Amino acid sequence: MADSTSSVSSRVVPQPECGGDAKSENVSPNLTEIIVIRHGETEWNADGRIQGHLDVELNDSGRQQAMAVAARLSREPRISVIYSSDLKRAHETAETIARSCGGLEVIKDPHLRERHLGDLQGISLREAAQSQPMAYKAFLSDRSDQVIPGGGESLDQLYQRCTSCLQRIAKKHRGERVVVVSHGGAIRALHRRASPHRRSKSKIWNTSVGILHLSDKDEWTIKLWADISHLNKTGFLDSGFGGDKTSG
């Protein structure tokens, strides 16, 4: 597991207004600004069904959410490239953003996938205690190294996979702004790396926006977290499944 005890400052600052001075902002050459976005809503999100690595498409609400966050980003400072989980719900969200931002390239990376939840995938959390008691018990465990029966990952494995991926992206794009479209559990793992001593109390809503600065000294700084101001007219589910027992 990657070292989560390195010195990392953590603070949240307001998002700049769209347009205007925001377009003149430059990213320091010794860091990468990564805009982390959760995919739009799916029918399984709406039904409370656990997705994990199962490949579920966006529903109509999810597509509207994707268009809303794409419109937001199109008015903000220039983005260099978009990285996305290879699962449909994330990739479709990323492609929607790419079209609104001048036809940017979308690079699919399976390391940005949601946590593999083993035997819990495809069932609702309400059903899990009775239909998959062993997997459900593992899911509720306080141990970060507890894997979930049926090929599922531990939180430590998820952490290692996602944070290593983001570090590779940051190293490749110093001085640039990059969008990463991922999933609730993966995004919680990134928050854990950036703020190891403070658990995020914010739900990771569909198409919520976070901004991380990753420096060449391997320092991670949170600039914005779980912002959904672009969804005021679109709506969103009051849930943010994050791959662990604290999930909404």
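Keep in mind that this is a model prediction, so the values were computed, not measured.

Q: Residue-level account of the UniProt feature "active site" (unreviewed entry) in the protein, with values.
A: Residues given the UniProt feature "active site" (unreviewed entry) here are His 39 and Glu 114. Maximum C-alpha separation among the annotated residues is 10.5 Å over a sequence range of 76 residues, consistent with a single clustered spot. Within the secondary structure, His 39 sits in the loop between strand 1 (31-38) and helix 1 (43-47). Each residue touching His 39, except ones within four places of it in the same chain, is listed here: Asn 45, Gln 51, Arg 89, Ala 90, Thr 93, Val 181, Ser 182, His 183, Asn 206 and Thr 207.

Q: I'd love a proper account of helix 5 (residues 133-140), names of residues and values included.
A: Burial in helix 5 covers these residues: Ala 135, Ala 138 and Phe 139. What you see down the axis of helix 5 is that its buried residues fit within an arc of 100°, all on one side. Turned more than 90 degrees away from the buried face of helix 5 sit Met 134 and Lys 137, all of them exposed. The secondary structure elements touched by the buried residues of helix 5 are helix 4 (125-131).

Q: Quick rundown of the pattern of salt bridges? Include the residues and the values.
A: The final tally for this structure, using the stated rule, is twelve salt bridges. Two residues, Arg 177 and Glu 33, come together in a salt bridge whose shortest N-O distance is 2.7 Å. Residue Arg 177 is located in strand 4 (residues 177-182), and its partner Glu 33 is located in strand 1; the two are separated by 144 residues in the primary sequence. Accessibility assignment for this pair places Arg 177 and Glu 33 in one class, buried. Note that Glu 92 and Arg 63 form a salt bridge whose closest N and O atoms lie 2.7 Å from each other. With Glu 92 in helix 3 (residues 88-100) and Arg 63 in helix 2 (residues 60-74), the pair connects residues that are 29 residues apart, well separated along the chain. For Glu 92, a relative accessible area of 24% gives the class partly exposed.

Q: Residues and numbers for the UniProt feature "binding site: substrate" (unreviewed entry) in the protein, please.
A: Feature annotation in UniProt assigns "binding site: substrate" (unreviewed entry) to the following positions: Arg 38, His 39, Gly 40, Glu 41, Thr 42, Glu 43, Trp 44, Asn 45 and Arg 89. Here the side chain of Glu 41 touches Asn 59 through a polar contact of 2.9 Å, side chain to side chain. Counting through the fold element by element, Arg 89 comes out in helix 3. With sequence-adjacent residues up to four places away left out, Arg 89 is seen in contact with His 39, Gly 40, Thr 42, Gln 51, Gly 52, Leu 54, Asp 55, Val 56, Leu 58, Glu 114 and His 183.

Q: A description of empty space enclosed by the protein should follow, citing residues and the corresponding values.
A: Following the criterion strictly, the structure yields one cavity of 30 Å³ or more and no others. Counted as a void, the largest cavity has a volume near 40 Å³. Along the walls of the largest cavity sit Val 36, Ile 187, Ile 204, Ser 208, Val 209, Gly 210, Trp 225 and Ala 226, which together make up its complete lining. Those elements giving two or more residues to the lining of the largest cavity turn out to be strand 5 (209-215) and strand 6 (220-227). The class makeup of the residues in the lining of the largest cavity is six nonpolar, two polar and no charged.

Q: How would you sum up unusual backbone geometry? Please name residues and give values.
A: A negative phi angle characterises most non-glycine residues, just as the trans form characterises most peptide bonds. Notably, Thr 207 is not glycine yet its phi reads approximately 60°, a positive angle. By secondary structure assignment, the location of Thr 207 is in the loop between helix 7 (184-194) and strand 5. At Asp 218, a position not held by glycine, the phi torsion is positive, near 65°. Note on Asp 218: relative accessible area 35%, which makes it partly exposed.

Q: Describe in detail the packing of helix 6 (residues 155-172) against helix 7, supporting the description with residues and values.
A: Orientation of helix 6 relative to helix 7, taken along the N-to-C sense of each, is 75°, at an axis distance of 9 Å. One way to sum up the angle between helix 6 and helix 7 is to call them roughly perpendicular. Each of Leu 155, Asp 156, Leu 158, Tyr 159, Cys 162, Thr 163, Leu 166 and Gln 167 in helix 6 lies in contact with helix 7, whose residues at this interface are Gly 185, Ala 186, Ala 189, Leu 190, Arg 192 and Arg 193. Tallied by class, residues from the contact of helix 6 with helix 7 come to eight nonpolar, three polar and three charged.

Q: Describe in detail the pairing of strand 2 (residues 81-84), supporting the description with residues and values.
A: Neither face of strand 2 is exposed, since Val 81 and Tyr 83 on one face and Ile 82 and Ser 84 on the opposite face are all buried. Chirality of the crossover, the property in question, places the unit of strand 2, helix 3 and strand 3 (residues 106-108) among those that are right-handed.

Q: Any details on the sheet that holds strand 2? Residues and values, ideally.
A: Across the sheet, six strands lie side by side as 3-2-4-1-5-6; this open sheet has mixed pairing. Each of the sheet's edge strands pairs with one partner strand only, and the pair in question is strand 3 and strand 6. Taken over all neighbouring pairs, the strand axes of this sheet differ in orientation by 20° on average, direction set aside. Here strand 1 pairs with strand 4 via six bridges, running parallel. Bridge pairing in strand 4 places Val 36 opposite Val 180. Sheet strands in contact with helix 2 are strand 1, strand 4, strand 5 and strand 6, and its direction is about 155° off that of strand 1.

Thresholds applied
- Residues numbered from 1 in each chain as written.
- Predicted model: local features only at pLDDT ≥ 70, side-chain atom pairs only at ≥ 80, totals over all residues.
- Heavy atoms only, no water.
- UniProt positions renumbered as here; feature names shortened; annotations may be inferred.
- Helix = DSSP H or I, 4+ residues; strand = E, 2+ residues; numbered from the N terminus.
- Contact = heavy atoms within 4.5 Å.
- Buried < 20%, exposed > 50% of the residue type's maximum accessible area, 1.4 Å probe, protein only.
- Arc of directions from axis to C-beta.
- Salt bridge = Lys/Arg side-chain N within 4 Å of Asp/Glu carboxyl O.
- Polar contact = N/O pair within 3.5 Å; in protein donor to acceptor, adjacent residues only side chain to side chain.
- 1 Å grid on protein atoms, 1.4 Å probe; cavity = no way out; pocket = protein on both sides within 12 Å on 5 of 7 lines; lining within 4 Å.
- Points joined across faces, edges and corners; volume = space filled by probe spheres on them.
- Nonpolar A, V, L, I, M, F, W, Y, C, P; charged D, E, K, R; others polar.
- Axes fitted to C-alpha atoms, helices over the stretch in contact; angles between N-to-C directions.
- Parallel < 35°, antiparallel > 145°, perpendicular 65-115°, else oblique.
- Right-handed = clockwise from strand over helix to strand, strands pointing away.
- Pairing = 2+ DSSP bridges.

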